[in-house]
Structures are given as C-alpha cells and as structure tokens.
Amino acid sequence: MVDVPGMYADAVRDERDALWRLVDQARGLAKTGDLAGLRDLAGEVRRRLATGDSLDRTGGHLGANMADISAALDDVYDGAFPVRDPDDPAEVLDAPWPSVRRAAMLASAVDRVGWPTPPLEPLAERAIAANDVRLLRLLVLTPLGRAGRETVVRIMDALHAAGALDVEVIEKAFADDAYLGRAIGGEPRAGGAGASTPAGCAPVVRDHFDALAWRLTSPPEPDWDELPEVLVPRGLRFALRALDRPHDRRMAERFGPAELTDDERSALVEHLRDRTAEERRYAFELRLPAGDAEVLLPVLGLPGAVPLLRLVLATAATEAVRQDRAAILAAVRQAGDDGARRLLELCPSEVVAAALGWNRAAVEKRVKRNALSGIAAFGLLPLAGGETVLDRYLALREVAKRGPRLGPNRRHSHAAAVAVALDHLAQVAGLPDADRLEWDCEARIATEAPGDWRIADYTVGVRLADADPVLTVSRAGRTLKSVPATVRADPRYADVREHQERLRDQARRMRIGMIERLVATGGTLTPDELLRLRRLPAGRAMLPALIWQDRAGTVGLLDQIALDGPVTAAHPFLLYERRLLAHWQAELVRRRIRQPVKQAFRELYLLTPAERDAVDVSRRFAGHPVDGRVAGQLLSGRGWSTHGGYDEHQATRPVTAELTAALACELHGYFGGGDVVVGELRFLAAGSVVPLAEVPPVAFSEVMRDLDLVVSVAGTEPHGYASPPHAASRAQLLAALIDDLGLARVTVDGASAVVRGSRATYRVHLNSGSIHVEPGGYLCVVPASFGDTAHRSLFLPFADEDRMTSVILSKVLLLNEDEKITDPAILAQLDVPA
C-alpha cells in the first residue's frame, strides 16, 4: 500500500481484502457465464467503494490503493461484456463496470479523447432526436461518463413519452443524484421568481417516490439514507405517520408537509378533533411548511385568526420588508387580543408583535445589534409614553449613521432597513409616506429652536451662515470670538448645542444625500417638493446655488427660471450639450457662488472613440491595480455592491430602474483580500448587455466618475494615475479664474497651467501639481507647504472637499506673483540670490 497513515492502514487493508474477495467472486461468475450475477456484483463493488473510501473509515486513502484491483475487475468485465462494435455507443455503454478501455471508447465517441469521465450530453441529444429507447435507457443505467441533472431529466421525459420509463431507470437516476427532484418537480428560481415547470415525467416519478417513501419508512426502522431528497410525498397517510412519531425530526421534515387534497385536509381536521391539544399544536407546526396550516386554526380554538396567520407567514423574511400596519391591526382585531397572543406563541413574528408593542425591549436590543428586521420592526412600535414622532425619527437617523461602518454590501441593506423603518414610522404617525414624514420632521428640527436666551450680560443663539449653523455669543451688541465659561456652565447651553448639531446634520443629509442625488441623476422636483425644501434652512441656503432647467427649457438659477412647474437639476452633460458649460462656470466664479456639490465643475465623462468601436464594453480603466479594501469602501459608498471572484461580475450598481452597471475585476476571493485589478465595464438590462451608445449619457458619466475616483484614490501603481477628467475640471476652473482675476501671465495648455512669471516661466501639471521650469524643463522642488494654504485670491465654486485642486491652483496663483517669493530653497533653483 502507498501513502497510508498508520491510523488508517488497517482499515485500508481490510477493505482491499474484501474487494479482492469480490474480484475472485467476479472471476467465478465470469467462468460460468452468469452475466446477471456480474451486473449485481458490479453494483455491490461500486457501493463498497463509495462507503469504504469514506473519511471516517479509511480517511479517503482507499482510492490511491485501487489500481491493481481496478485492473483485475477491468479484465473480468471486458472479457464478459466484449464490445463488438466500438462505433455503436449502445455497445460501449452496455456494461455494468466502467473499465478504462470502455471509458476511452466513450471519450472517442463524444470527441473528448483523454477524458476519464466523458460527458454524455452529445449522445443524449442524438438519442432524444432519434427516440432511441435502448440508448436512452443505457445513458441513465451506465456507470460510464456523466450527464448533468437537466440532461438526465430530459432523457427521462423522452422515455416517459415513449412509455419506457420504469422503476429501474428511476431508481438508478436517483441513486446517482439524490437531489434530482429539484429538476423534476420544478426547482424554485433565483430571487424568488416562482418555480420552473415540472418535468413531463414528474407524475410517474412521484408515484414511484411515494411508494418508495412509504416502504422505506415502514417498521421496524426507517431507512432515510435510501430516500431521495427534495420531493414531497402525497397523501394524508404520510402526514399522519409524521404526527404519530413526534420525536422523529426527519419524519417531521419530510412527511409533515405532505401534499394533501382538499378532502384530505378536511379528514385531517376531523382526525384532530378528538386528539390532545399538544397533538393539535404539533399538527399545526407540521403543516406550516406546506402552507395550509390555517385549516387547523378552528381545532386550535382560533377560527378568526386566518388573516393574521397569513400576515405572520408573509412577514417571515429575515430581511427588512415593508408591512401594512393597518392590515396588521385589522387582523389582530378579528383574531382578538387573546387569539393574537396565542397565535404568536405558535408562530412568532417580530414585526407583528412590534406593531402591537408587545416586544419593545427585544426589538430595541436587536436594533443595537443592527439586525435588519429588528430595525424595520422598530419603526412599527407604537410611541411610548412621552415619546414623539420626532424622537423616533432622530433615533432612526442615528441608526442610519452606523451604516457606513459596516461591510461594503451590508451598508446597503442597513440603509434599506432604515428606509423601511421610516415608512413604518410614517404609518404610526398617520402620514401618507416616508417622504412626508421626512419633510415634517426636518421642518420641525428647523423650527423647534430654543431661541435666544440671556445669562448675565450674554445673549446666546444659533445663526445660519449659508447652510452652516453657527453658535453665537454676544455682549453689549458685540459678537464674541469664544464662548465664556459662564455660558458653557449654564444647562441651557447644552440645548442650544444640540439644536446646532441637528441643523448641521440636516444640512449634511441634504447636501450629500438629496442634492448630490439630484445633480448626479439630473433629478426633478415638483413645485410642492421645491417649496417644502426651501422652507428648511439648509434648503433655503443651498438650492439657489444650483443650476436648474424649467419645463420650458430655460436654464438658470432659481430666480431666473419659472417655478410653476417641475424643475430639473442640470447635470453638466446638459450644460455641455446646450453649449452652456463654460458660460456657467465663468458665471459662478464671477458671482462668487459656492455650490453645495460639484455641478458646473463636475467631472464629465463622454464616450471615447475606442468605446464606440468596442460597442458594448468599456476598457477605460482596465488593467489598473487598486487596493481591494479601499476600493470596496469607495464603491460601496457610491451605491455599488461587491461580489466574489467566482461571480460573473465583481461589482454592480443599479443606475436606472432598468439598467445596471457591471464591472469585472481580477481579485483574490473578495474585495479586501488584497490588490484588485480593474477589468471591463458593461451595462446590463434584464441580464443582456446594452450597447454603450444606448446608455443614457448622465448615467454613463456618473458610473465612470465612480471608477475614476476608485483608480485615483485606491490605485497602487508606482507612479500613480493621472485622471484626464480631473485635470480637465481643474483647467476649466483655472480658465474661469484667469478671466475673472485678469491673470495675464497664466494660460492653460492641455493638462498643464503655464505661468510666465517675472523670474521664470513655469509649467504646473494639473493632476500631480508638479512644477517644471522652462526652458530647461527641470523639476522645481518646492517645500511641502508651498500652496498648502489656499491663496487669498482662490475661490472654489463648490463646497465638496477637494484639497488637491486647492493646492494645485494655489501654486499657480503663487507663481503668478513669483516676485513675492522669499523662500531660499525655491529662489536657489531660479538662480536668484536669496
């Protein structure tokens, strides 16, 4: 024996001895020409190999010590079952033992030379087309080759149509694949989209299964190992057998949900009338998976609980799903308070109990653990004594803040659970939807100010500077630069600070949530929505700084367009298409309008010639390595879901109701497992690839902006990655500043700014910020602090954090005044005495 650890050596030796005895038996049967005996013996050998090579007996070491035994069996079976015509696949398959010689013949017949286990699909297609019953049977019965589950079912369907599907074929098919029932009975489709159509052979197969199931589980002991999985038996006798054996878990799982006719359900109810309460409850539990447990409610004393049970079963999902609170309360009224409690003992439901306020402590505990269904249930809890709708709304907003700290994909499901909870809270508050709840609560945050108050000689209050709430302390009409200790010690100071933080959170939510989404999608607001937003302090401060388009097509600021109809936030593509982009960039700089998010200076991504030629795939970022952990976080924060290395695409994001962006990547198992190489990008609709030219330009640009950010920030290339759109955006901003400030010395040349200073001519790269001095073109090494502080003349027309743009443009403005430079390190490189 070879390579057998000592602990398994005796077991392997015993198995080999037993198999050699079977080889001797096979030789004897071959001498007498007992082909039927040889067929039976081959099955016994295969079963022996399956059990003898198990981990708990031989540690899996038997297979490596089978070469001599397999060769001996090959000789016996090849001699007893000779192949007279190698070109006839039926001749090749018609043997009970998979000898090496026959496997080679089969591989040749299906054009898979060298395959030890050739696929049977080519022969199956031929046999089905020709209705070759003998070949169809052999394709199932043969120990040679392999066929996929769907192929086996198609073969069985063909045999059934020919009236040739018998017990031998059915039993062999299930012996090879215990889960074959998934394809025969109609396997559920992914995503809960119903089940596939049952196979044509299903009635015959299920008749056989029912008989087999009854026989294998009859006294004295059930033989579950021989019973195929998945299929559910039919008939009341199975349900009653499970009811009579309450301690047999397998019996409950397999027979409890047996399919019943209406007459059999009625018979089950009658059967239970004179049974104990415990047996009735057990019967109810058995029938829950079958979906007809409601017929047993009358014998449980719960005749009015049918609607409530249906709701309970519908809420059984582990994820957060919206529930109809009014329907729950109506069902509870019909069942009665006592009946509802008894039903929830039999069939617990977190959300139903939450709607009634019966599990408040448990729900609040699960919310602390970020349980998705617990968060959804939290919204359904009735308001406790002294609790207001605003209190619950703010509590849910605090829960929402925990999302970004979770995993890349979990943060999406966490946000979805909070959204469901807000919808539930809207129902509790009697409001039509979560949007109306949000409007009302946000307005209340803004209006429920503690007001100015005085302590000693000080006046304290909160004032808005643009959208930023600022706490002010004044004395004798003069605003102080800091808060005196006397004010900090007053209990009312905490109330003002809390109100300030609420307004700050409100502004943050509006900026990075609603306004960013409006601009990124070119979203539209109705007049009523716009009016409600402008009632909020943050809305009043931010919305006038955006560029809009009214229904007549007029583009402008809010005070320049018609507001009696819907208005659309102008995506830069709209401005580009209307040839208005440069105009509005210059206008924002001229009027010193700071937009809450990048809009006019937002990076814009258009189809490249290479992408038009490729038709349906973009390779713009393909081949760039990125840090997987950082990339996963960036993608997740922008609505992408990440997937494993074995999925078709490793990152996806819905971009419209019908369209999904799908990115392929090379990675080690998962994002975060090391470096990731960005691959090809496609857009999918209903699973099919969409040509890039048919993708809405705004959606295309935003997806590309996401990926550009990932490659720029998470990139691991030694010399970094220079983003052309980022450089273009800075060039556009610099051009507007040149015009506004009259910078005669500065021009834009592609991705560089050229500064003709009084001491030298400089070229500043708008991606890296590196400075080259002309005419020699050598790199000017400047201190790290050069440009670190924003130049006094620099104005950034957006509130988005963009430190690199500030640093690079500040360098340009400093070099424009190079006669004022006094740093010796810089002057030395310019050959100027310090």
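Report on the accompanying structure. The shown structure was predicted, so the numbers you read here are calculated from the model rather than taken from an experiment.

1. Let's talk about the overall build of the chain
Tallying secondary structure elements over the chain gives 37 helices and 19 strands in all. Its C-alpha radius of gyration of 37 Å places the chain more than 25% over the 28 Å reference for a compact globule of 834 residues. Counting only C-alpha atoms, the chain reaches 115 × 80 × 60 Å along its principal axes. By residue count, 46% of the 834 residues in the chain fall in the buried class. Pairs at least 24 apart in sequence give 61% of the contacts found in the chain among residues at least 6 apart. Surface summary for the chain: the accessible area is close to 40300 Å², and the carbon and sulfur share equals 51%. Charged side chains in the chain number 102 positive and 116 negative. The centres of these two groups are separated by 7 Å.

2. Examining the packing of helix H22 (residues 372-380) against helix H24 (residues 410-429)
Orientation of H22 relative to H24, taken along the N-to-C sense of each, is 15°, at an axis distance of 6 Å. Classified by the interaxial angle, the pair formed by H22 and H24 is roughly parallel. Seen from above, H22 lies across H24 with right-handed handedness. Residues Leu372, Ile375, Ala376, Gly379 and Leu380 of H22 touch H24, and the partners they reach there are Arg410, Ser413, His414, Ala417, Val418, Val420, Ala421, His424, Leu425 and Val428. Grouping the constituent residues of the contact of H22 with H24 by class yields ten nonpolar, four polar and one charged.

3. As for the sheet that holds strand S1 (residues 453-455)
Here four strands make up an open sheet; going across it, the order is S1-S2-S3-S4 and the pairing antiparallel. Looking at strand neighbours, the two that pair on one side only are S1 and strand S4 (478-479), the edges of this open sheet. Note: strand S3 (residues 468-475) against S4, two bridges, orientation antiparallel. Within S4, the residue paired with Ser474 across the bridge is Thr479. Against the sheet, helix H27 (residues 491-521) engages S1, strand S2 (458-465) and S3, with an angle of about 150° to S3.

4. Re unusual backbone geometry
Looking along the chain, the bond that leaves Pro219 and enters Pro220 is cis, with omega of 10°. Locating Pro220 in the fold gives a position in the loop between helix H12 (202-216) and helix H13 (236-244). We note that Asn131 has phi near 55°; this positive angle belongs to a residue other than glycine. For Asn131, the position within the fold is in the loop between helix H7 (121-130) and helix H8 (133-141). Relative accessible area serves as the criterion here: at 46%, Asn131 is assigned to the partly exposed category.

5. Concerning the pairing of S3
In the sheet, S2 pairs with S3 via eight bridges, with the strands oriented antiparallel. Counterpart to Thr459 in the pairing with S3 is Ser474. In this structure, the hairpin formed by S3 and S4 is closed by a connection of two residues, where Ala476 is found at a positive phi of approximately 55°.

6. Overview of the side chain of Ser729
For Ser729, the location among the structural elements is in helix H35 (residues 724-741). Residues contacting Ser729, with those up to four places away along its chain left out, are Phe601 and Glu603.

7. As for the sheet that holds strand S5 (residues 524-525)
Strand order in the open sheet formed by four strands is S5-S8-S6-S7, with antiparallel pairing between adjacent strands. For this open sheet the edge positions go to S5 and strand S7 (555-556), each flanked by a neighbour on one side alone.

8. Observations regarding the environment of Arg149
With respect to the helices and strands, Arg149 occurs in helix H9 (residues 149-161). Residue Arg149 is classed as partly exposed on the basis of its relative accessible area, which comes to 28%. Considered as a pair, Arg149 and Leu216 are 67 residues apart in the sequence and their alpha carbons are 24 Å apart. Beyond its immediate chain neighbours, meaning those up to four positions away, Arg149 contacts Asp177, Tyr179, Leu180, Arg182 and Ala183.

Cut-off values and rules
Residues numbered from 1 in each chain as written. Predicted model: local features only at pLDDT ≥ 70, side-chain atom pairs only at ≥ 80, totals over all residues. Heavy atoms only, no water. Helix = DSSP H or I, 4+ residues; strand = E, 2+ residues; numbered from the N terminus. Rg over C-alpha atoms; globule rule 2.2 N^0.38 Å. Buried < 20%, exposed > 50% of the residue type's maximum accessible area, 1.4 Å probe, protein only. Contact = heavy atoms within 4.5 Å. Areas by Shrake-Rupley, 256 points an atom, 1.4 Å probe, with all protein chains shown as cover. Lys, Arg positive; Asp, Glu negative; His and termini not counted. Charge placed at Lys NZ, Arg CZ, Asp CG, Glu CD. Axes fitted to C-alpha atoms, helices over the stretch in contact; angles between N-to-C directions. Parallel < 35°, antiparallel > 145°, perpendicular 65-115°, else oblique. Left-handed = near helix turned anticlockwise from the far one by under 90°. Nonpolar A, V, L, I, M, F, W, Y, C, P; charged D, E, K, R; others polar. Pairing = 2+ DSSP bridges.

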